[in-house]
Amino acid sequence: MSRNNPEQLRRILETVRTISLVGASDKANRPSHEVMAYLQGRGYRVIPVNPRLAGKTVLGETVYADLASVPIPVDMADLFLAPDHTDPVIDAAIKKEIPVVWMQIGVINEEGALRAENAGVTVVMDKCPKQEIPRLGIPPVAQPVL
């Protein structure tokens, strides 16, 4: 299946439940903060990752320094990083066996994407889930009954 096709995006957004948002911000006017709040509002659990904010709380979730520090399994790493900063995060996602690496709009790393895909990771590049969810008509994520 080719990268970024609508069926692939739909499958990802309908099956993912826990997302590590790498490059999370505590500033409400930043796109990463807005996307994190949107995803939480749609029922996803979003774990913020940012070494500068590690140990603090963003939108009710503890911030971790890096993917390796996140103590729970995640289904997707959503990268809000400059393309030249994505390689170590992609490698960490591969090592942690995160099934999906999603690179935000403008975040393009063909070599890193190929490396991840060769390791069995699904890659989305140059897309935003906040735009794709309504475009594809993805319903809110059902919350587990506790």
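Preceding this paragraph is the structure being described.
Residues numbered from 1 in each chain as written. Predicted model: local features only at pLDDT ≥ 70, side-chain atom pairs only at ≥ 80, totals over all residues. Heavy atoms only, no water.

## With respect to the pattern of salt bridges
Scanning the entire structure with this criterion turns up 8 salt bridges. For the salt bridge of R3 with E117, the shortest nitrogen-to-oxygen distance reads 2.8 Å. Taken as a pair, R3 in the segment before helix 1 (6-15) and E117 in helix 4 (residues 110-118) lie far apart in primary sequence, 114 residues in all. Of the residues examined, R3 reaches a relative accessible area of 26% and is grouped as partly exposed. Assessed through its relative accessible area of 29%, E117 is described here as partly exposed. With its nearest N and O atoms 2.7 Å apart, the salt bridge here joins R115 to D91. (Salt bridge = Lys/Arg side-chain N within 4 Å of Asp/Glu carboxyl O. Helix = DSSP H or I, 4+ residues; strand = E, 2+ residues; numbered from the N terminus. Buried < 20%, exposed > 50% of the residue type's maximum accessible area, 1.4 Å probe, protein only.)

## Focus: the packing of helix 2 (residues 31-41) against helix 5 (residues 129-136)
Across the interface, helix 2 lies against helix 5 with an axial gap of 9 Å and an inter-helix angle of 40°. Comparing their axes, helix 5 and helix 2 come out oblique. Across the interface between the two elements, E34, V35, Y38 and L39 from helix 2 touch P129, K130, I133 and P134 from helix 5. Per-class residue counts for the contact of helix 2 with helix 5 are 6 nonpolar, no polar and 2 charged. (Axes fitted to C-alpha atoms, helices over the stretch in contact; angles between N-to-C directions. Parallel < 35°, antiparallel > 145°, perpendicular 65-115°, else oblique. Contact = heavy atoms within 4.5 Å. Nonpolar A, V, L, I, M, F, W, Y, C, P; charged D, E, K, R; others polar.)

## Here we look at the sheet that holds strand 6 (residues 100-103)
The strand order 2-1-5-6-7 describes an open sheet built from 5 strands, whose pairing is parallel. The open sheet has two edge strands, strand 2 (45-49) and strand 7 (122-124), and neither has a second partner. Taken pair by pair, the neighbouring strands of this sheet meet at an average axis angle of 20°, ignoring direction. For strand 6 and strand 7, the ladder comprises 3 bridges, and the chain directions are parallel. (Pairing = 2+ DSSP bridges.)

## Considering helix 3 (residues 87-95)
Within helix 3, burial applies to V89, I90 and A93. The buried side chains of helix 3 occupy one side of the element, clustering within an arc of 100° when seen end-on. Turned more than 90 degrees away from the buried face of helix 3, the exposed residues are P88 and K95. Where helix 3 is buried, its residues touch strand 1 (18-22), strand 5 (76-79), strand 6 and helix 4. Backbone geometry just after helix 3 places E97 at a positive phi near 60°. (Arc of directions from axis to C-beta.)

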